[in-house]
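Analysis of the macromolecular model
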Amino acid sequence: MQIQRVTNSIGAEVLGLDLRVPLSDTIKNELKRAWLQHQVIVVREQEIDVRQHIEFARIFGPLDSDSAVSAFSHPEHREIFVLTNETTDGKPSETRDVGWQWHTDLTYTLCPSAGAVLHAQSVPDCGGDTMFASMYRAWEALSPGMRSMLKSLECVHDVSNGAWYRKRAENAPKSFISRTRPVLQPMLHVHPETGRESLRIGEAVVRRIHGMTDDESAPILRFLTEHATRPEFVMRHRWRRGDLLVWDNRCTMHKVVADHDDVVAPGTPGRIRRMHRVTLKGQPSGRLLEEDGRQAA
Ligand code: SIN
């Protein structure tokens, strides 16, 4: 097995693995180390089934098969969150436009995920890449003055702020809505395994910096998003069918590049984007906004 970095800030490709064959403990430990070091690792073109995908994901930690996104699980495998642009029985998929803005998974809950393992079932001829930003690099590249201001601040993470939710208004599944009350998350995140500090923000669900008005917080958040997503802190993954990609959600943000069709009829080769995601369970983080005594300005 060989590990080849894809940029100087984030991402590595793992070469020489066939995941149809059981892995030794040594290889599993090396994969976990590579994931913690590079934040995103990719194993290209793996012809594995759903069970093998779930088993592979366990290398990186316990799975989260009961999170807010379980509302969109695979009918037979609760661990799998299905993201697809396929239409079923004339109905466009509710997950066709998930992740089109920069975000870190599940920060709008009290248990943001530790990471995720995405397996490409079907990819369009072109488009629908995924970009990942290193939030370690983003934090480290800020000035000491900015870091010291941000480290005592929290943001309001509210899923109803995001474009995906706003398009659906009240039509989002009830089981999803009931688990997504606004929460406060610190802007400085300390990784529980590496101890490294990173910036925690997000375009999709971050409503404002807590205790500031929207007008005060918007320019700061805009600056931070632009800063964190500078090309030198970002990798862009061009998918091939079978690619297996593992990201560490505790030090990255990601977004799908929405330049592919969002609604396609079944059996349309070259246009279907179908991903299976296994989510890794994170640690409790943040607190409910409604439990904060202070009124947001
Ligand atoms: C996501 O989990 O945010 C979606 C990632 C992708 O579909 O590439």
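Okay, so let's go over this structure.

Parameters and conventions
Residues numbered from 1 in each chain as written. Predicted model: local features only at pLDDT ≥ 70, side-chain atom pairs only at ≥ 80, totals over all residues. Heavy atoms only, no water. Helix = DSSP H or I, 4+ residues; strand = E, 2+ residues; numbered from the N terminus. Rg over C-alpha atoms; globule rule 2.2 N^0.38 Å. Contact = heavy atoms within 4.5 Å. Areas by Shrake-Rupley, 256 points an atom, 1.4 Å probe, with all protein chains shown as cover. Lys, Arg positive; Asp, Glu negative; His and termini not counted. Charge placed at Lys NZ, Arg CZ, Asp CG, Glu CD. Near = heavy atom within 4 Å. Polar contact = N/O pair within 3.5 Å; in protein donor to acceptor, adjacent residues only side chain to side chain. Nonpolar A, V, L, I, M, F, W, Y, C, P; charged D, E, K, R; others polar. Buried < 20%, exposed > 50% of the residue type's maximum accessible area, 1.4 Å probe, protein only. Arc of directions from axis to C-beta. Disulfide = S-S within 2.5 Å. Salt bridge = Lys/Arg side-chain N within 4 Å of Asp/Glu carboxyl O. Pairing = 2+ DSSP bridges. Phe/Tyr/Trp six-rings, centres within 6.5 Å; stacked < 30°, edge-to-face > 60°.

1. Details of the overall build of the protein chain
- The helix and strand tally for the protein chain stands at seven helices and 18 strands.
- Relative to the 2.2 N^0.38 estimate, which gives 19 Å for 297 residues, the radius of gyration of the protein chain is 19 Å and therefore close to what a compact globule would have.
- Along the first, second and third principal axes, the C-alpha atoms of the protein chain reach 55 × 45 × 30 Å.
- Contacts in the protein chain between residues far apart in sequence, at least 24 positions, make up 82% of those at least 6 positions apart.
- With an accessible surface of roughly 13500 Å², the protein chain has 48% of that area assigned to carbon and sulfur atoms.
- Taking the 39 positively charged and 39 negatively charged side chains of the protein chain as two groups, their mean positions are separated by 2 Å.

2. A closer look at the site of the ligand
- Taken together, the residues surrounding the ligand are Leu 83, Gly 99, His 103, Asp 105, Leu 118, Thr 130, Trp 247, His 254, Val 256, Arg 273 and Arg 277.
- For the ligand, an oxygen atom lies 2.9 Å from a polar atom in the side chain of His 103.
- A distance of 2.8 Å is found between an oxygen atom of the ligand and a side-chain nitrogen or oxygen belonging to Arg 273.
- Surface burial for the ligand is 100%, taken as the share of its 260 Å² of free accessible area covered by protein chains.
- For the shell around the ligand, a count of residues per class yields four nonpolar, four polar and three charged.

3. Considering helix 2 (residues 50-57)
- Inspection of helix 2 places Val 50, His 53, Ile 54, Phe 56 and Ala 57 among the buried residues, and these make up the whole buried set. The buried residues of helix 2 occupy an angular sector of 160° when the element is viewed end-on, so they sit on one face.
- Elements in contact with the buried residues of helix 2: helix 1 (25-38), strand 3 (40-43), strand 4 (80-84), strand 7 (115-122), strand 15 (244-248) and strand 17 (274-280).
- N-cap assignment for helix 2: the residue whose side-chain oxygen lies 3.2 Å from the backbone N of Arg 51 is Asp 49.

4. Observations concerning the environment of Ala 114
- With respect to the helices and strands, the residue Ala 114 is situated in the loop between strand 6 (91-92) and strand 7.
- Remark: the alpha-carbon pair of Ala 114 and Pro 62, spanning 52 residues in sequence, is separated by 9.1 Å.
- Leaving out residues up to four positions away in the same chain, Ala 114 has contacts with Trp 35, Trp 247, Asp 248, Asn 249, Arg 250, Leu 280, Lys 281 and Gly 282.

5. Considering the state of the cysteines
- What the rule picks out here adds up to zero disulfides.
- Cys 155 forms no disulfide, and the closest cysteine sulfur to it belongs to Cys 251, at a distance of 18 Å.
- No disulfide involves Cys 251; its nearest neighbouring cysteine sulfur is the one of Cys 111, lying 16 Å away.
- Of the residues examined, Cys 251 reaches a relative accessible area of 1% and is grouped as buried.

6. A short note on the pattern of salt bridges
- This structure, assessed with the given rule, holds 21 salt bridges.
- A salt bridge links Arg 250 to Asp 248, with the shortest nitrogen-to-oxygen separation between them at 2.9 Å.
- Judged by relative accessible area, Arg 250 falls into the buried class, the value being 10%.
- The class of Asp 248 is buried, set by a relative accessible area of 0%.
- When salt bridges that share partners are traced, they join Lys 32, Glu 193, Asp 248 and Arg 250 into one network.

7. What about the environment of His 119?
- Note on placement: His 119 falls in strand 7.
- Taking the C-alpha atoms as reference, His 119 lies 17 Å from Gln 39; in sequence the two are 80 residues apart.
- Setting aside anything within four residues of it in sequence, one finds His 119 in contact with Gln 46, Ile 48, His 53, Gly 242, Asp 243, Leu 244, Arg 274, Met 275 and His 276.
- In terms of polar contacts, His 119 uses its side chain to reach the backbone carbonyl oxygen of Gln 46, at 3.0 Å.

8. Brief notes about the pairing of strand 4
- Burial runs high along strand 4: five of the five residues are buried.
- Burial along strand 4 is two-sided: the face carrying Ile 80, Val 82 and Thr 84 and the face carrying Phe 81 and Leu 83 are both buried.
- Relative to strand 17, strand 4 runs antiparallel, the two being bridged by five bridges. Residue Leu 83 lies in a different strand from strand 17, and its bridge partner there is Met 275.

9. A look at the packing of aromatic side chains
- Per the stated rule, a full pass over the model turns up five aromatic pairs.
- Between Trp 35 and Phe 60 the ring centres are 5.2 Å apart and the planes differ by 70°, which places this aromatic pair in the edge-to-face class. In this pair, Trp 35 is assigned in helix 1 and Phe 60 in the loop between helix 2 and strand 4, connecting sequence segments 25 residues apart. Each member of the pair, Trp 35 as well as Phe 60, is classed as buried.
- Centre to centre, the rings of Phe 132 and Trp 247 are 5.5 Å apart; their planes meet at 45°, and the pair counts as tilted. Here Phe 132, found in strand 8 (residues 130-134), pairs with Trp 247, found in strand 15; they are 115 residues apart in sequence, far enough to count as distant. As far as the burial class goes, Phe 132 and Trp 247 line up, both buried.

In short, shape yes, function no, at least from these values alone.
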